Amino acid sequence: MNEWINIFLSPYHNKSWGDIILELTAVILSIFSVIFAQKNNIWLYPIGIFSTIIYSYLTFIYFLYGDFIINIYYTGMGFYGWYLWTYKKDKKKQKIPITYSNKKDYFYTALFFLSTCIFSITVYFFNGKLNNNFDWMDVLTTGIFFSGMYQMAIKKVENWIFWMVGNLISIPIYFFKGLILTAFLFIFLAVLSIIGYVLWNKKAY
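Reading the values: the criteria
The residue numbering used here restarts from 1 in each chain and proceeds along that chain's sequence as written. Only residues with pLDDT of 70 or above have their local features reported here, since the model is predicted, and side-chain atom pairs are shown and tallied only from 80 upward, although totals for entire chains, interfaces and linings are computed over all residues. Hydrogens are left out, water is left out, and the side-chain values use all remaining heavy atoms of the structure. To get an axis, a line is fitted to the C-alpha atoms, and for a helix only the part in contact is used. The angle between two axes follows their N-to-C directions and goes from 0 to 180 degrees. For helices the rule is a DSSP run of H or I covering at least 4 residues; for strands it is a run of E covering at least 2, with both sets numbered from the N terminus onward. We call two directions roughly parallel when the angle between them is under 35 degrees, roughly antiparallel when it is over 145, roughly perpendicular when it lies between 65 and 115, and oblique otherwise. Only heavy atoms enter the contact rule, under which two residues are in contact if any of them lie within 4.5 Å. In the scheme used here, Gly and all other residues not listed as nonpolar or charged are polar, with Ala, Val, Leu, Ile, Met, Phe, Trp, Tyr, Cys and Pro taken as nonpolar and Asp, Glu, Lys and Arg as charged. Throughout this description, the term salt bridge denotes a Lys or Arg side-chain nitrogen within 4 Å of a carboxyl oxygen of Asp or Glu. Only protein chains enter the calculation, and the probe is 1.4 Å; a residue is then buried if its accessible area is under 20% of its type maximum, exposed if over 50%, and partly exposed in between. In this analysis, the expected span of each helix is defined as 1.5 Å times one less than the number of residues it contains. Bending is quantified residue by residue as the angle between axes fitted to the seven-residue window ending at that residue and the seven-residue window starting at it. Each Phe, Tyr or Trp ring, with Trp reduced to its six-membered ring, pairs with another whose centre is within 6.5 Å; inter-plane angles below 30 degrees give stacked pairs, above 60 give edge-to-face pairs, and intermediate values give tilted ones. For the purposes of these results, a polar contact is taken to be a pair of N or O atoms within 3.5 Å, where, inside protein, one atom must be able to donate a hydrogen and its partner to accept one; residues adjacent in sequence count only when each atom of the pair is a side-chain atom.

On to the packing of helix α2 (residues 17–38) against helix α8 (residues 180–203), then. At their nearest, the axes of α2 and α8 sit 9 Å apart, and the two run at 5° to each other. On the basis of their axis angle, the class for α2 and α8 is roughly parallel. From α2, Glu23, Leu24, Val27, Ser30, Ile31, Val34, Ile35, Ala37 and Gln38 reach across to α8, where they touch Ile180, Leu181, Thr182, Leu185, Phe188, Leu189, Leu192, Ile195, Gly196, Leu199, Trp200 and Lys203. A breakdown of the residues in the contact of α2 with α8 according to their chemical character gives 15 nonpolar, 4 polar and 2 charged.

Below is the structure:
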C-alpha cells in the first residue's frame, strides 16, 4: 500500500508547495462548480472561473498547451454563461430552460470542435511540440471541452456527454504529466458528468 502511495506522490517531490496548493485549490473549486452545474445553479460560473484561472497557469507551466487554451476559453465562456444565465430569459421571464440540441446547435458545436482542434494543433507546432500521443490527446480534449462548454452555456442536455468523454480521455494525460490530484479529479468529474446527464435529462423538455 505504501508503495502505491509513494508512486502517486512521487511527481510532487520536485514541485513547490505553492503549485501543490494551487492544484488542490483548483481541484476543490472544480468539484463544487460541477455540483452547482448539476443543480442548475448559477454559482457554477464564479466558482468555475477561479478554478480555470488557476488551471490556466498550471497547464501552461506543464506544457499542456491544449488544456491551457481550454482554460483560457473556460474563463471567457464562464463570464459569457454567467451573463446568459443571469440576463437572458424566456418569453415568460423565467430562466433559460434546459433543452436538447437541435440541428443548428450540432452544426455550431461541430464548428467549435473543428476550429478549436485546428487552432490547438497550430499552437503546438509553434511551440515545437505535438510529438507524441499525449499531445494529440490533448488536442482532442481541447475540442471536446470547448464544445461541452458552449453547450452548457446554452443549457443543452448533451453538454454532459462531452464532459464524460473529455474527462475520461484526460485521466491518463494528467497522470503522465504528474498532476496526480487533477488526474483523480477527472475520474471524479467523469462520474459527476454521468449524474449531471441523468439530472438534466429529467429536467429537459
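Having seen the model, we can carry on.
Looking now at the pattern of salt bridges. Scanning the model with the defined rule gives 1 salt bridge in all. The closest approach of N and O atoms between Asp105 and Lys156, which form a salt bridge, is 3.3 Å. Highlighted residues: Asp105 in helix α5 (residues 103–126) and Lys156 in the loop between α6 (133–153) and α7 (159–177), separated in sequence by 51 residues. The buried category is assigned to Asp105, whose relative accessible area is 9%. Look at Lys156 and you get buried, because its relative accessible area is 10%.

A rise of 1.5 Å per residue sets the reference length of helix α3 (residues 44–61), with its 18 residues, at 26 Å; its end C-alpha atoms lie 26 Å apart and thus fit the reference within 8%. Of all 18 residues making up α3, 13 are buried, and the element is well covered by its neighbours. Phi turns positive one or two residues past the end of α3, at Phe63, with a value near 65°.

With 19 residues, α7 extends 26 Å between its outermost C-alpha atoms, agreeing within 8% with the 27 Å of an ideal straight helix rising 1.5 Å per residue. The axis of α7 is deflected most strongly, by about 30°, at Ser170, and proline Pro172 appears within four residues downstream. If you check which residues of α7 are buried, you get Asn159, Trp160, Trp163, Met164, Gly166, Asn167, Ile169, Ser170, Ile171, Ile173 and Tyr174.

Before going further, it helps to spend a moment on the packing of aromatic side chains. Taken as a whole and judged by the stated rule, the model has 13 aromatic pairs. A ring pair is formed by Trp85 and Trp200, whose centres lie 6.5 Å apart and whose planes are at 40°; its orientation type is tilted. Of this pair, Trp85 sits in helix α4 (residues 65–87) while Trp200 sits in helix α8, placing them 115 residues apart in sequence. Where Tyr174 meets Phe186, the ring centres are 5.1 Å apart and the plane angle is 35°; that geometry is what we call tilted. Here Phe186 lies in helix α8 and Tyr174 lies in helix α7, a separation of 12 residues in the sequence.

Tracing the backbone shows Thr109 in helix α5. Setting aside residues up to four positions removed in sequence, Thr109 forms contacts with Ser147, Tyr150, Gln151 and Phe162.

Here we come to the environment of Asn40. Its location among the elements puts Asn40 in the loop between α2 and α3. Using a relative accessible area of 14% as the deciding quantity, one classes Asn40 as buried. For the pair Asn40 and Lys155, spaced 115 residues apart in the sequence, the C-alpha separation amounts to 9.0 Å. A distance of 3.0 Å separates polar atoms of two side chains, one belonging to Asn40 and the other to Lys155.

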